[in-house]
Amino acid sequence: MKIISNITNHKIEFYDVDSMNVMWHGNYVKLIEAARCRLLDKIGYDYMQMKEDGYVYPIVKMDFKYVSPAFFGDELSITSTITNYDGLLKIAYEIYNNTTNKLCAIASTSQASVMIDGFQTMFTLNREFLAKIEVYLENN
């Protein structure tokens, strides 16, 4: 399988940190949410298009491993990579601190395809999504 990946950057702002100027662990979820949206934008199939096609993709599993802290003012890069799209959409994330040259965290998400009409869980991505992935892979 060819790799589909994207890098998103984030500078840690004051509202991201706790009283010790360390990025609060819950904000890492926001980082990967933004990174996932940029990855889907890159493919050309975002959440609005999914909804227009009659599907939603809720998170059914999320894992994090925190490796080293990030602080107010640090520059981060979040690499998001699709690791599987056969059944569930699985994405791996690597959050790297460009300021300290250290890995901050690794994460993964799994998303199920759910048909909006009747909230039926599907066991494959919808055909429009798969078509966008195929077009992206052919052109990159």
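All of the points below concern the structure found in this document.

Calculation criteria
Residues numbered from 1 in each chain as written. Predicted model: local features only at pLDDT ≥ 70, side-chain atom pairs only at ≥ 80, totals over all residues. Heavy atoms only, no water. Helix = DSSP H or I, 4+ residues; strand = E, 2+ residues; numbered from the N terminus. Buried < 20%, exposed > 50% of the residue type's maximum accessible area, 1.4 Å probe, protein only. Phe/Tyr/Trp six-rings, centres within 6.5 Å; stacked < 30°, edge-to-face > 60°. Core = buried A, V, L, I, M, F, W, Y, C linked by side-chain atoms within 4.5 Å. Axes fitted to C-alpha atoms, helices over the stretch in contact; angles between N-to-C directions. Parallel < 35°, antiparallel > 145°, perpendicular 65-115°, else oblique. Contact = heavy atoms within 4.5 Å.

**A word on the overall build of the chain**
Looking only at helices and strands, the chain features three helices and eight strands. Counting only C-alpha atoms, the chain reaches 45 × 35 × 20 Å along its principal axes. Looking at the chain as a whole, 39% of its 140 residues qualify as buried.

**Some thoughts on unusual backbone geometry**
Backbone geometry at Asn101 places phi at a positive 60°, although glycine is not the residue there. Take Asn101: it is sitting in the loop between β5 (89-97) and β6 (102-111). The phi angle at Phe119 is positive, at roughly 50°, despite the residue not being glycine. Considering the arrangement of structural elements, one finds Phe119 in the loop between β7 (114-115) and β8 (120-121).

**Notes on the packing of aromatic side chains**
One pass over the full model with this rule turns up five aromatic pairs. Between the aromatic rings of Phe64 and Tyr66, the centroid separation amounts to 5.6 Å while the plane-to-plane angle is 5°, which identifies the pairing as stacked. Residue classification places Phe64 among the partly exposed positions, given a relative accessible area of 24%. Classification of Tyr66 by relative accessible area gives partly exposed; the value is 41%. What links up through ring pairs into an aromatic cluster is the set Tyr28, Phe64 and Tyr66.

**Considerations on the nonpolar core**
Among the nonpolar cores identified, the biggest contains 32 residues, and Ile4, Tyr28, Leu76, Ile82, Ile95, Phe129 and Ile133 are the most heavily contacted of them. Secondary structure elements with two or more residues in this core: α1 (27-43), β4 (75-84), β5, β6 and α3 (127-139). Looking at this core element by element, the count peaks at seven residues for α1.

**Quick word on the packing of α1 against α3**
The N-to-C vectors of α1 and α3 enclose an angle of 75°; their axes lie 9 Å apart at closest approach. One element, α1, and the other, α3, form an angle in the roughly perpendicular class. Listed contacts from α3 to Leu40, Lys42 and Ile43 of α1 are Phe129, Lys132, Ile133 and Tyr136.

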